[in-house]
Amino acid sequence: MDTVADAVVGLPDLGGHSSLRRQVAEALRSALASGKLRSGVVYSAPTLAEEFGISATPVREAMIDLVRDGLFEAVRNRGFRVVPLSEQDLAELSEIRELVEIPAVLGLAGAVPEEARARLRALAAEVTEAAAKDDLLRFIDADRRFHAELLRLTGNQTLVRTVLDLRSRSRMYGLIQPTATQTRMTAADEHVRLLDALVAGDADAARAIMMRHLDHVRNVGA
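Nothing here was measured: the structure is a model prediction, and the numbers come from that model.

Structural notes on the nonpolar core
Moving on, step 1. Membership of the largest hydrophobic core comes to 26 residues, with the highest contact counts inside it found for Val-105, Val-112, Leu-120, Leu-150, Leu-151, Leu-194 and Leu-198.
Moving on, step 2. Ignoring anything within four residues of it in the chain, the contact list for Leu-198 reads Val-105, Leu-108, Ala-109, Gly-110, Ala-111, Val-112, Leu-150 and Ala-206.

Observations concerning the sheet that holds strand β1 (residues 42-43)
Moving on, step 1. Pairing in this open sheet of three strands is antiparallel, and the strands run β1-β3-β2 from one edge to the other. In this open sheet, the two strands that pair with only one neighbour each are β1 and β2 (72-75).
Moving on, step 2. The sheet contact formed by β2 and strand β3 (residues 79-82) spans four bridges and is antiparallel. From the neighbouring strand, Val-75 faces β3, where its bridge partner is Gly-79.

Brief notes about the packing of helix α4 (residues 87-106) against helix α7 (residues 157-170)
Axis angle and axis distance: for two packed helices, these are the angle between their axes and the distance between the axes, and together they describe the pair.
Moving on, step 1. At a minimum axis distance of 10 Å, the contact between α4 and α7 shows a crossing angle of 150°. By the angle class used here, α4 and α7 are roughly antiparallel. Two packed elements cross with a definite hand, and for α4 against α7 that hand is left-handed. From α4, Leu-90, Leu-93, Ile-96, Arg-97, Val-100, Glu-101 and Ala-104 reach across to α7, where they touch Leu-159, Val-163, Leu-166, Arg-167, Arg-169 and Ser-170.

Digging into unusual backbone geometry
Moving on, step 1. Positive phi values are uncommon outside glycine, yet Asn-77 reaches one of about 65°.
Moving on, step 2. Tracing the backbone through its elements, the reader meets Asn-77 in the loop between β2 and β3.
Moving on, step 3. Phi is positive for Asp-134, close to 55°, though the residue is something other than glycine.
Moving on, step 4. When you line up the elements, Asp-134 lands in the loop between α5 (114-132) and α6 (136-152).

So, the side chain of His-213
Moving on, step 1. Turning to its location among the elements, His-213 is positioned in helix α9 (residues 203-215).
Moving on, step 2. Side chain to side chain, His-213 and His-147 meet in a polar contact 3.2 Å long.

Considering the confidence of the model for the protein chain
Parts of the prediction with low pLDDT should not have their coordinates interpreted in detail.
Moving on, step 1. Summing up the model confidence of the protein chain, the mean pLDDT is 85 and the portion of residues at 70 or higher is 85%.
Moving on, step 2. Here residues 8-15 is modelled with pLDDT under 50, and outside its nearest four sequence neighbours on either side it reaches 10 contacts, counting other chains as well.

Structural notes on the pattern of salt bridges
Moving on, step 1. The final tally for this structure, using the stated rule, is 18 salt bridges.
Moving on, step 2. The shortest N-O distance in the salt bridge between Arg-21 and Glu-61 comes to 3.7 Å. Placement of Arg-21 in helix α1 (residues 17-34) and of Glu-61 in helix α3 (residues 56-68) is noted, with a sequence separation of 40 residues between them.
Moving on, step 3. Its relative accessible area of 24% is what places Arg-21 among the partly exposed residues.
Moving on, step 4. Residue classification places Glu-61 among the partly exposed positions, given a relative accessible area of 22%.
Moving on, step 5. Across the salt bridge formed by Arg-145 and Glu-126, the nearest N and O atoms sit 2.6 Å from each other. Within this pair, whereas Arg-145 is found in helix α6, its partner Glu-126 is found in helix α5, the two being separated by 19 residues in sequence.
Moving on, step 6. When salt bridges with common partners are traced through the structure, they connect Glu-126, Glu-129, Lys-133, Arg-138, Asp-141 and Arg-145 into a single cluster.

What counts and how
- Residues numbered from 1 in each chain as written.
- Predicted model: local features only at pLDDT ≥ 70, side-chain atom pairs only at ≥ 80, totals over all residues.
- Heavy atoms only, no water.
- Core = buried A, V, L, I, M, F, W, Y, C linked by side-chain atoms within 4.5 Å.
- Buried < 20%, exposed > 50% of the residue type's maximum accessible area, 1.4 Å probe, protein only.
- Contact = heavy atoms within 4.5 Å.
- Pairing = 2+ DSSP bridges.
- Helix = DSSP H or I, 4+ residues; strand = E, 2+ residues; numbered from the N terminus.
- Axes fitted to C-alpha atoms, helices over the stretch in contact; angles between N-to-C directions.
- Parallel < 35°, antiparallel > 145°, perpendicular 65-115°, else oblique.
- Left-handed = near helix turned anticlockwise from the far one by under 90°.
- Polar contact = N/O pair within 3.5 Å; in protein donor to acceptor, adjacent residues only side chain to side chain.
- pLDDT = per-residue confidence, 0-100.
- Salt bridge = Lys/Arg side-chain N within 4 Å of Asp/Glu carboxyl O.

Here it is in structure tokens:
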């Protein structure tokens, strides 16, 4: 990815101002994960808008959305600074995810509907393919969609939003480390094994897989 704007490639063009705002927000998240937007640096909405080739308004609105998510902080008369994520911050995010996400997923053991299994397997395959091709942005997107689809089976939309927010914040750290490629392959394989365990109703195996999966947060933001 040569520029921050390249992160928008592949996002759906749904049309309309609110859709553009969401697209820019997702592009900025991807740029954070891939290291194009650097921790502690202040970025101007008009400057980024020029790079995207759009007006500054949806970019500014998208950055305000990411302020609410804790990814940026507003700097008066300058723009928006990428909030640094420390080892302690990451440990705390991981702990919250363990407390919230693991019980939710274990509740699906033996209860994954037949019609959802094909969708989840297709998403797991997409995660694996992206990891094998070292396609970071596609890996992030497919991984997010797999976990969102899985969590939606709980029927708790607040839970889904909470976990996805925690995942977004943890993804800011460690994604571009040279050793991350093999770790992404390992994390990708865990999607398949997790789904197999849930379909088989094996909560103990699912728990062990989820614990290992969350351990990879420090390396790939899985």
